[in-house]
Each structure stands twice: as C-alpha cells, then as structure tokens.
Amino acid sequence: MNKLPPLTDEARVRISRQGGFAAIAALSRPREIDFAQCDPEQRGQVCSLLEACLPIASSQPGQGDRRFYRIELRTCAERAQEMVLNVPEEQAPRDLVTLWEKGL
C-alpha cells in the first residue's frame with residue numbers, strides 16, 4: 001500500500017482506536033469524515049495525513065496489549081471500494097491523533 005485511490009466528494013474516512021487488553025467498543029470512539037461536508041483545504045489536510053500514514057500502516061497491528069488506529073477509507077458509495085490502514089498507536093502522527101480526538 002503505497003498510494004491512495006483518487007478521493008472525490010463521495011469519499012468517507014472513518015478513524016477509530018482499537019486494541020489493548022481491555023478492548024471496549026465505547027473507547028474506540030469512531031470519527032467519520034464525509035468529504036462532501038469538507039472544503040478543499042480540509043480535504044487536502046486529510047489526504048496529506050492519509051498519505052503520511054501509508055508507510056507506517058501495518059498488516060498486524062495491536063499485537064498483545066498494543067493499540068492502533070484503524071482508518072477505513074471508502075472512496076465511492078456506489079462501488080463501496082474500501083481501503084483499510086492500521087497504524088500502530090506509538091507510530092501514529094500527532095495530526096492523526098488530533099483528528100481522531102477532535103475532528104476537523
């Protein structure tokens with residue numbers, strides 16, 4: 001995974017925090033970003049952040065008690081194309097954590 005698919009205003013990004021010994025669904029606090037509701041600057045910020053996460057995404061995150069951020073990217077509602085990135089918490093960019101915590 002080294003390239004994002006083209007993202008239009010139909011794209012949606014869902015970020016949640018997963019893993020740990022006491023994995024409790026309420027603690028994942030999913031955050032959803034609908035590109036149709038974003039201005040071009042916000043879309044650019046999210047795309048840049050996603051690109052920064054590509055090289056650190058892991059296929060086996062959260063082993064043991066480690067937490068990770070799960071980023072689900074749906075590019076088109078019709079075709080339901082989805083990309084999933086799992087970013088280990090200890091390697092997550094600060095901007096990803098802030099986006100998950102506070103949104104745009």
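Residues numbered from 1 in each chain as written. Predicted model: local features only at pLDDT ≥ 70, side-chain atom pairs only at ≥ 80, totals over all residues. Heavy atoms only, no water.

Participant: Help me understand the overall build of the chain in this model?
Facilitator: Scanning the chain from N- to C-terminus turns up 2 helices and 4 strands. The order of helices and strands in the chain, counted from the N terminus, is β-β-α-β-β-α. When burial is assessed residue by residue, the chain has 35% of its 104 residues classed as buried. Summed over its atoms, the accessible surface of the chain is roughly 6,400 Å², and 45% of this surface lies on carbon and sulfur atoms. (Helix = DSSP H or I, 4+ residues; strand = E, 2+ residues; numbered from the N terminus. Buried < 20%, exposed > 50% of the residue type's maximum accessible area, 1.4 Å probe, protein only. Areas by Shrake-Rupley, 256 points an atom, 1.4 Å probe, with all protein chains shown as cover.)

Participant: Sorry, what's going on with the nonpolar core here?
Facilitator: A general tendency of soluble globular proteins is for nonpolar side chains to be buried together. The biggest cluster of nonpolar side chains holds 23 residues, and the ones touching the most others in it are V13, I15, I33, I71 and L96. Elements supplying a minimum of two residues to this core: β1 (12-19), α1 (40-53), β3 (67-76), β4 (81-88) and α2 (94-102). (Core = buried A, V, L, I, M, F, W, Y, C linked by side-chain atoms within 4.5 Å.)

Participant: Whenever I open this one, the confidence of the model for the chain confuses me. Can you help?
Facilitator: Any segment with low pLDDT has predicted coordinates that should not be analysed in fine detail. Looking at the chain as a whole, its pLDDT mean stands at 84, while 82% of the residues score no less than 70. Between the elements of the chain, mean pLDDT differs from a low of 87, seen in β4, to a high of 93, seen in α1. (pLDDT = per-residue confidence, 0-100.)

Participant: I tried to follow the environment of I71 on my own but got confused; where do I start?
Facilitator: Tracing the chain through its elements places I71 in strand β3. Residue classification places I71 among the buried positions, given a relative accessible area of 1%. For the pair I71 and C53, spaced 18 residues apart in the sequence, the C-alpha separation amounts to 9.4 Å. Aside from chain neighbours lying at most four places away, what touches I71 is V13, R14, I15, L50, C53, M83, V84, L85, V87 and L96. (Contact = heavy atoms within 4.5 Å.)

Participant: I'm lost on the packing of aromatic side chains in this one. Help?
Facilitator: For any pair of aromatic rings, the description rests on two quantities: the centre-to-centre distance and the angle between the ring planes. Throughout the structure, instances matching the rule amount to 1 aromatic pair. Taking 5.5 Å as the distance between ring centres and 70° as the angle between the ring planes, the aromatic pair formed by Y69 and W100 counts as edge-to-face. With Y69 in strand β3 and W100 in helix α2, the pair connects residues that are 31 residues apart, well separated along the chain. When its relative accessible area of 3% is taken as the criterion, Y69 is described as buried. (Phe/Tyr/Trp six-rings, centres within 6.5 Å; stacked < 30°, edge-to-face > 60°.)

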